[in-house]
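# Coordinate analysis (summary)
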Amino acid sequence: LGDQLPRLSQRISVNWQDWTYWARSKGGEFAALIAAALVLFGILHLATRTLIRRRRQRPGEEGPPTFFERGMSIAWVAPLRALPVVATVTLLYAGLETLDLMYAPWGKAFTGIFSAVLEFTIMTAIIGAVLSPSAPHWRIVPVDDASARSLTRILVAITTVYALDGAMAEFGRAFLAPLTLTVVQSFAASLLFAGLLLAAALTPFKAQVAR
């Protein structure tokens, strides 16, 4: 791997210099795309957080939400949490395609990166909606706050490893990475998965106390 990495790094560097040259040649259009993506993310992030907070507010006399209400909340909370990133990634992908900046090998590389971001965002949104570590009365899994936080961290870490492994695999295929790198990457990902699953198995879970 040590012998082959310099050649791979040089190949990536040459292609990156070529891509940045064409990106700079687009000038204002490329800058406008980045600015539009940032503005879109900011607006949607603020709007979805506000909407979730307002819809989850309950007057004291209503009491805690029922199991059915908590289950139904996942159907709209998870998509709303994922919406800002999904919309931003979609805009970036379409914009880069329109600007002819998705040419090989960057088309496959960017597709892998965007796919990994979407996978991570959607899965963590579902995890957060189900476990609700900061909103225990909306939690559908009957564990206490400490257990919910621990399980959330472990599941997010597993999702991160999965997304990074997928992105690196696509990136490697785009730049014709040597088989040695693929083997090392798969081995490292497997070790991380095993360690995280072991951590989940050894994590003590306590039942949620009714409030």
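First, a word on what this report is: a plain description of the structure on this page. Quick caveat: nothing in here was measured; it's all calculated off a predicted structure.

The helix and strand inventory of the chain stands at 6 helices and 0 strands. Each helix and strand of the chain, ordered N terminal to C terminal, gives the series α-α-α-α-α-α. Over its C-alpha atoms the chain spans a radius of gyration of 21 Å, topping by over 25% the 17 Å that the globule rule assigns to 211 residues. On the principal axes, the C-alpha backbone points of the chain span a range of 65 × 45 × 20 Å. Within the span of the chain, comprising 211 residues, buried residues form 34% of the whole. Contacts spanning at least 24 positions in sequence make up 80% of the contacts within the chain whose residues lie at least 6 apart.

Bringing the pattern of salt bridges into the picture now. On inspection of all chains with the given rule, the structure shows 2 salt bridges. With a shortest N-O distance of 3.1 Å, Arg139 and Asp145 are connected by a salt bridge. Judged by relative accessible area, Arg139 falls into the buried class, the value being 0%. By relative accessible area, which is 22% here, Asp145 ends up partly exposed. Residue Arg173 is joined to Glu170 by a salt bridge in which the shortest nitrogen-to-oxygen separation is 2.5 Å. Residue Arg173 and its partner Glu170 are both found in helix H5 (residues 145-174); the two are separated by 3 residues, about one turn of the helix.

Conventions adopted
- Residues numbered from 1 in each chain as written.
- Predicted model: local features only at pLDDT ≥ 70, side-chain atom pairs only at ≥ 80, totals over all residues.
- Heavy atoms only, no water.
- Helix = DSSP H or I, 4+ residues; strand = E, 2+ residues; numbered from the N terminus.
- Rg over C-alpha atoms; globule rule 2.2 N^0.38 Å.
- Buried < 20%, exposed > 50% of the residue type's maximum accessible area, 1.4 Å probe, protein only.
- Contact = heavy atoms within 4.5 Å.
- Salt bridge = Lys/Arg side-chain N within 4 Å of Asp/Glu carboxyl O.

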